[in-house]
Amino acid sequence: MGLKLMCVTAHPDDECFGFGGALALAADRGIETYVVCLTDGQAATNRGNAATGAALGQMRRDEFRRSCKVLRVTQHELMDYQDGRLEFVEFPVAVGRLVERMRRFRPEVVITFGGDGGQNTHADHMMASMLTTAAFHWAGRAKRYSDAGSPHQAQRLYYLTANFHMPDRPPAMVMPWTVTLDIRSVRERKTEAFRQHVSQAPLMEKTKAMFERYGAEECYALVAAAEPQPARQGTDLFEGLPG
Ligand SMILES: [Zn+2]
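Residues numbered from 1 in each chain as written. Predicted model: local features only at pLDDT ≥ 70, side-chain atom pairs only at ≥ 80, totals over all residues. Heavy atoms only, no water.

Draft legend 1. Inspection of helix α3 (residues 53–70) at higher detail. Compared with the 26 Å implied by 1.5 Å per residue over 18 residues, the 26 Å span of α3 between its first and last C-alpha is a close match. Of the positions making up α3, those classed as buried are L56, G57, R60, E63, F64, S67, C68 and V70. Looking straight down α3, one finds that the buried residues subtend no more than 140° of arc, so they occupy a single side. The outward face of α3, more than 90 degrees from its buried face, is lined by the exposed residues A54 and K69. Just downstream of α3, R72 is the residue with a positive phi angle, here 55°. (Helix = DSSP H or I, 4+ residues; strand = E, 2+ residues; numbered from the N terminus. Expected span 1.5 Å × (residues − 1). Buried < 20%, exposed > 50% of the residue type's maximum accessible area, 1.4 Å probe, protein only. Arc of directions from axis to C-beta.)

Shown next as structure tokens:
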């Protein structure tokens with residue numbers, strides 16, 4: 001049976017802006033991928049020509065679907081949480097919904113944001129990290145959420161991190177990375193996925209120089225693993241996993 005990668009994000013465009021390289025590289029290796037995005041991005045600063053929040057949400061749902069297609073994501077899902085409000089969700093309920101999804105998809109590797117909230121330190125990104133971290137650990141415990149499918153313990157949890165600060169932003173408290181992914185072979189696809197987010201075109205323009213300078217790599221930190229081990233540097237999220 002092949003390897004599986006699950007990615008939990010907060011907003012449409014996180015899947016390419018943040019994790020696009022990892023997702024595209026996995027697809028090229030025949031690794032099944034599943035992206036769960038918690039909100040439809042209605043609270044975005046860039047609103048395209050949307051007259052209402054609901055219209056923007058619908059627009060961004062479509063953009064998310066197109067971006068996932070470019071990245072050749074196997075399964076994608078946009079959940080119904082409110083953009084900008086993730087810190088107010090009922091924690092155990094929200095974790096339970098992710099546990100159910102992890103038990104259904106049964107990934108070996110899970111990727112999400114770190115507690116820093118990603119490079120723009122967005123509170124929704126922090127919450128995606130915390131909810132996913134709890135779900136990662138609890139999905140494997142039979143006593144937790146016993147009505148949410150049969151237990152499944154993924155082998156590794158990684159947080160997205162970075163080896164630079166975003167210009168013109170208060171610096172994030174970045175987690176030291178353990179994996180540096182060379183994403184040059186899929187770099188153009190990551191950009192193409194981002195281009196599908198037409199409503200976020202001003203953001204793309206703003207971050208263009210940053211991606212030109214740093215866009216050849218994505219950095220991740222291994223934060224949980226099945227085998228006790230010292231932190232060490234690697235170049236592959238799946239290194240040593242059978243598959
Ligand atoms: Zn985001």
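Draft legend 2. Here's a closer look at the sheet that holds strand β7 (residues 217–225). As summarised here, the arrangement of the 7 strands in space is β3-β2-β1-β4-β5-β7-β6, forming an open sheet in which the pairing is mixed. Bordering the open sheet on either side are β3 (75–81) and β6 (179–182), each of which pairs with just one other strand. Shown here is a sheet whose adjacent strand axes are inclined to one another by a mean of 25°, direction ignored. (Pairing = 2+ DSSP bridges. Axes fitted to C-alpha atoms, helices over the stretch in contact; angles between N-to-C directions.)

Draft legend 3. Region of interest: the packing of aromatic side chains. Under the counting rule described, the total for this entry stands at 7 aromatic pairs. The interplanar angle of 40° and the centroid separation of 6.5 Å between the aromatic rings of F19 and Y220 together place this pair among those described as tilted. Of this pair, F19 sits in the loop between α1 (14–17) and α2 (20–28) while Y220 sits in strand β7, placing them 201 residues apart in sequence. Using a relative accessible area of 0% as the deciding quantity, one classes F19 as buried. Accessibility expressed as a relative area gives 0% for Y220, which makes it buried. One aromatic cluster is present, formed by F17, F194 and F211 through successive ring pairs. (Phe/Tyr/Trp six-rings, centres within 6.5 Å; stacked < 30°, edge-to-face > 60°.)

Nothing here speaks to function; it is all geometry.
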